[in-house]
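Observations on the model geometry
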Amino acid sequence: MSSNATVPTEIYRAVKWPLRLTHWGMLAERVVRCFWPLWSVIFVALALLMLGVQDMVRVEWVWGAAGVLVLAMLWTLGHGVRRFHWPTRDGALARLDQTLKGNPIQAALDNQAIGAEDAASLAVWRAHQARMRAKLAEARAVEPDLRVSRADPFALRYVALLAFSTALVFGSFLRVQSVTAMAPGDGGLTSGPTWEGWMEPPAYTRLPSIYLNDITAQSMNVPQGARITLRMYGEVGALSVTESVSGAPLAPEDGATATAQDFDVVQSGRIAIDGPGGRAWEVAMTPDGAPSVAREGEVEVSYDGNAQIPYAAQDDYGIVAGTARFTLALDEVDRRYGLTIDPEARPTIEVPLPMPIAGDRAEFTETLIENFSEHPWANLPVRLELTVEDDAGQTGLSEPEVLPLPGRRFFDPMAAAVIEQRRALLWNRDNARAAAQVLRAVSHRPDDMFRSAVHYLRLRTIIRRTELFAAHDMTVQQQQELADAMWDLALLLEEGDLDDALERLQRAQDRLSEAMKNGASDQEIAELMQELRQATDEYLRQLSRQAQQQRDQNGDMAQQQQQQGDMMEMSQSDLQQMMDRIQELMEQGRMAEAQEALDQLRQMMENMQVTQGPGQQGQSPGQQAMEGLAETLREQQGLSDQAFRDLQEQFNPGANQGQNQGNEGRDGGQGRGQQHSQQGQGGQGQGQQQGQGSGDQQQGQGQGGQSMEDSLADRQQALRDELNRQRGNLPGAGTEAGERAAEALGRAEGAMDGAENALRDGDLAEAIDRQSEAMEALREGMRNLGEALAEQQQQNQGQQGMADGSDPGTQRDPLGRDAGSNGQLGTEEGMLQGEDVYRRARELLDEIRRRSGEGERPDEEIEYLERLLERF
């Protein structure tokens, strides 16, 4: 490249500013690369001074550090000067030319070497020169390369920059001057002492900190618990502090003159800095009041015992936690029957109060939702106290209130009796014998009290275990075990099975029909419709449980069902719409139309029951095994019912006359009139034996009774053999659930063997107990087998997917509802049937808050989530 003097003026003018900027960029590159260690040391020194480190250590350390920093600055300065070279314009011109295509600057400066006297050659050269000079207009300044990562592999320059940035935020330039007059052994300032101060409110108040040097007023308001920080610079003792806000005044000798003062504001008073440039303030403390809480509104209890206890709370700045405490109000308890003796000591019930997830916690209303139904104090008087706490540790208590501990109520007489004796047992273990006697008394005539012999057998087992435990000093674990068994039995008696649910549904429909005929009021219509809705929901739940074992059918059966074009499908929302329509017609006085709609609903529910019957063709091995076990269970229940009636006949001859037929139709008929197809003619012979036994039962005891017991024993043996055969073909082998099913069925077979021996010995009571154990083991085996089949189904679905075009099953929306059927978009079904809707709502809000904090999500989605949080 030619020297600066030989660059033609027209070329220089064409690249003047790009060349000048490139030259300055090269200068910046060399300054940064040569002197970055120098400004790094300077930044570190300024950061230490601005943060006031010199005021926290001895002056000798300050001078030592100053010497090290000065030497570092001198060395880095000399090192940079040695490496620094001023960039030339020729170098900038060369760098600029390298960024242009074809190097037009160099080409414009070149001279023609040969052919200068040839006109043609000269014309070509001039054309080439013109094109190159035209390209000079495209020149742009070259961006400087200020990276020094190769020279600073440990990024020390960023450490220095971070320290300086921290000092700018948290330090002050006023502190730098404190080092100007320091000398070894002397901490004074020739320019006089200075001070700084801050007032920091407690974090939970969300109030800003205040720089006291900016406060020129003579008074200020300060929240309780605020932290006052004062720092004095210069000669020790030149400035002193007096204050009366901390409750512990500083000692005048040493404390008042210390260079660092920190104290909390606990009362109103005065803060003064005495000395040159001092200042004083009258402080008015704003007290932090204790929070308050009170129960608000009525306590509501749902049918299944979920209690809703509303409360209101408020505080100056916000409440952080709360607790509801329930203690037994013994003086308010009606001390009769099982509550006469003193109760066993039990801990206070403590439940955390729910806090708002979003919004202000200074004042809010929330609802405590909890189920206390299984607690020994359920429906007994308790003393309720609500406690809330704020960030300052202050607590607020509600006025103690005596109210019944909310819990589920049982309306079935036998279920209510079981729950009452359960409460007596949990009240004190000394009530065990009395509770067993009461249960024996109320179940003396079981035909009038129990819908199924299974319920009576479970109660009988509970009574015997209660008497056994009471005779051998019942332990707390045994007490709780009996209480759990009694609770399960009470639920079974109250809610029943599918037949009970259907009976309640029909009874609710009949009552509603009678109300239409008798001109019921709107209130009565609303209550009866609510009863119908609850009965319908319970029937659908029981129906779904029974159909669970029959839901997974093979492709042939699915194809056969798809070919049934006249089958009508309805969702739960469709049923709710029908019931709403019935209630609307009744309220409008259109009873005939309402009765017609009710008849349609009744017919659909009956048809729904029919269509849930098990298919007999094209079933998978798992389906066949489940149906076989279900049939075995029904036959075992029929045998148990017949043994129970025979036992009743022994103690009360003729009591079952006129009732056998009804009992057979409900429980025993399936067991006595049906057998597995594998038994062939043996099943028919057993049915004939049973018929003979039933005839002999009406003639009294003696030989006819012995024939009956032999018949029952033979049938029990046949049922045990059938179960043994089913165990050999049990699917699900090798899985954990399958192993549990095999083990449970083994226990069932052993219990059947014991029942057979008891029947042959004429011990009907022992046989009934063993049959009850067999049925419980069968149910457990069926549950475990269902789990094993479900696991296999999930694996098969993962392999098959949608290849065969089969129905993927009922789909659910994110809120747990049916996504809709028959082309319907969405559903009017309520969220979370049977779940705690309030807890689920909080879980959804937590999930929304979590997603709204994820910055990688699209802006539209984050804005939508923020709108949801603002709304809810």
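Residues numbered from 1 in each chain as written. Predicted model: local features only at pLDDT ≥ 70, side-chain atom pairs only at ≥ 80, totals over all residues. Heavy atoms only, no water.

Here's the deal with helix H22 (residues 736–760)
Compared with an ideal rise of 1.5 Å per residue, which puts 25 residues at 36 Å, H22 spans 37 Å between its outermost C-alpha atoms and is within 8% of the ideal. Remark: Gly762 follows H22 within two positions and exhibits a positive phi of approximately 80°. (Helix = DSSP H or I, 4+ residues; strand = E, 2+ residues; numbered from the N terminus. Expected span 1.5 Å × (residues − 1).)

A look at the confidence of the model for the chain
For the chain, the average pLDDT comes to 77, and 77% of its residues sit at 70 or higher. In the predicted structure, residues 185–190 sits below a pLDDT of 50 and forms 16 contacts with residues beyond four places in sequence or in another chain. This stretch, residues 549–567, has a pLDDT under 50; its non-local contacts, to residues over four places away or in other chains, come to 22 contacts. (pLDDT = per-residue confidence, 0-100. Contact = heavy atoms within 4.5 Å.)

With respect to a negative patch on the surface
Taken together, the side chains of Asp859, Glu860, Glu863, Glu866 and Glu870 make up a negatively charged region of the molecular surface. For Glu866, the position within the fold is in helix H25 (residues 859–871). Of the residues examined, Glu866 reaches a relative accessible area of 39% and is grouped as partly exposed. (Patch = residues over 30% accessible without salt bridge, like charges linked within 9 Å, V, L, I, M, F, W, Y side chains within 5 Å. Areas by Shrake-Rupley, 256 points an atom, 1.4 Å probe, with all protein chains shown as cover. Salt bridge = Lys/Arg side-chain N within 4 Å of Asp/Glu carboxyl O. Lys, Arg positive; Asp, Glu negative; His and termini not counted. Charge placed at Lys NZ, Arg CZ, Asp CG, Glu CD. Buried < 20%, exposed > 50% of the residue type's maximum accessible area, 1.4 Å probe, protein only.)

Considerations on the sheet that holds strand S5 (residues 240–243)
Read from one edge of the open sheet, four strands run S3-S8-S7-S5, paired in mixed fashion. Two strands bound the open sheet, and with one partner strand each, they are strand S3 (219–223) and S5. Adjacent strand axes in the sheet meet at a mean angle of 25°, parallel and antiparallel pairs treated alike. Of the pairings in the sheet, the one linking S3 to strand S8 (residues 279–286) comprises five bridges and is parallel in character. Of the residues in S8, the one forming a bridge with Met220 is Val283. (Pairing = 2+ DSSP bridges. Axes fitted to C-alpha atoms, helices over the stretch in contact; angles between N-to-C directions.)

Looking at the packing of helix H2 (residues 16–50) against helix H3 (residues 59–83)
Packing of H2 against H3 leaves a shortest axis separation of 7 Å and a crossing angle of 165°. When the axis of H2 is compared with that of H3, the two are roughly antiparallel. Note on packing geometry: the crossing formed by H2 with H3 is left-handed. In contact with Arg33, Cys34, Phe35, Pro37, Leu38, Val41, Ile42 and Ala45 of H2, H3 contributes Leu69, Ala72, Met73, Thr76, Leu77, Gly80, Val81 and Arg83. Considering only residue class, the contact of H2 with H3 consists of twelve nonpolar, two polar and two charged. (Parallel < 35°, antiparallel > 145°, perpendicular 65-115°, else oblique. Left-handed = near helix turned anticlockwise from the far one by under 90°. Nonpolar A, V, L, I, M, F, W, Y, C, P; charged D, E, K, R; others polar.)

Some words on the sheet that holds strand S2 (residues 210–211)
Taken in spatial order, the four strands line up as S2-S1-S4-S6 in an open sheet, and their pairing is antiparallel. In the strand order of this sheet, the two ends are held by S2 and strand S6 (260–264), each with one partner. Alignment of strand S1 (residues 194–200) against strand S4 (residues 227–233), held across seven bridges, turns out to be antiparallel. Following the sheet pairing, Glu200 is matched in S4 by Arg227.

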